[in-house]
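So you can see what is in the structure, the chains are spelled out below.
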Amino acid sequence: MPTFVVHEHWATAHHFDFRLEMDGVLKSWAVPKGPPLESGTKRLAIAVEDHALEYGSFEGTIPEGGYGAGKVTIWDRGEYVLMEREPHMILIDIQGARLRGPYVLIFMKEERGQEQWLLFKKSS
Ligand SMILES: [Mn+2]
């Protein structure tokens, strides 16, 4: 099964990076408030650049002056089942320690060159 990882990242602004193994890379979204644990809460998820699969196990500190400088820890990780994938919608069943169950990513809009998505847990 494909893997996912959520990095907690103390960069200039504290955020979480939600990453799905997809198309041979880690598709990534920065989630300022973090992935919701319960259904009923929608969180903004800004698409960011793909990362190499190897980065999924990274924990450490990105040095000052480097892109994303700051501490990075793994907040959750595991596998997921891809239930549905369309250009603007991804439905997955996540099997992590903190995140478990059906989650949806939906593209909202592009603003200032950034793709804004919503991430939420589907009520099952
Ligand atoms: Mn980040």
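Look up: the structure comes first, before these words.
Below is a summary of the structure that appears in this document.

1. Focus on the nonpolar core
Then comes step 1: Among the nonpolar cores identified, the biggest contains 20 residues, and Phe 18, Leu 20 and Leu 105 are the most heavily contacted of them.
Then comes step 2: Where this core is concerned, the elements lending two or more residues are β1 (3–10), β2 (14–22), β3 (25–31), β6 (70–86), β7 (89–96), β8 (100–111) and β9 (114–121).
Then comes step 3: Ranked by residues supplied to this core, first place goes to β2 with four residues.
Then comes step 4: Not counting residues within four places of it along the chain, the set of residues in contact with Phe 18 comprises Val 5, Val 6, Lys 27, Ser 28, Trp 29, Val 31, Pro 35, Ile 92, Ile 94, Leu 99, Leu 105 and Leu 119.

2. Side note on the pairing of β6
Then comes step 1: When β1 meets β6, the two strands line up antiparallel, connected through eight bridges. Residue pairing for β6: His 9 is matched across the bridge by Val 72.
Then comes step 2: Bridge analysis of strand β5 (residues 60–62) against β6 gives three bridges, and the strand direction is antiparallel. Counterpart to Thr 61 in the pairing with β6 is Lys 71.
Then comes step 3: As paired elements, β6 and β7 share eight bridges and run antiparallel to each other. Bridged to Tyr 80 within β7 is Ile 94.
Then comes step 4: The hairpin formed by β6 and β7 contains two residues between the paired strands.

3. Brief notes about the pairing of β7
Then comes step 1: Taking burial as the measure, the eight residues of β7 include six buried ones, the bulk of the element.
Then comes step 2: Note that β7 and β8 share seven bridges and pair antiparallel. Residue Leu 91 lies in a different strand from β8, and its bridge partner there is Val 104.

Cut-off values and rules
- Residues numbered from 1 in each chain as written.
- Predicted model: local features only at pLDDT ≥ 70, side-chain atom pairs only at ≥ 80, totals over all residues.
- Heavy atoms only, no water.
- Core = buried A, V, L, I, M, F, W, Y, C linked by side-chain atoms within 4.5 Å.
- Buried < 20%, exposed > 50% of the residue type's maximum accessible area, 1.4 Å probe, protein only.
- Helix = DSSP H or I, 4+ residues; strand = E, 2+ residues; numbered from the N terminus.
- Contact = heavy atoms within 4.5 Å.
- Pairing = 2+ DSSP bridges.

Note that all results are geometric; they support no functional claim without further evidence.
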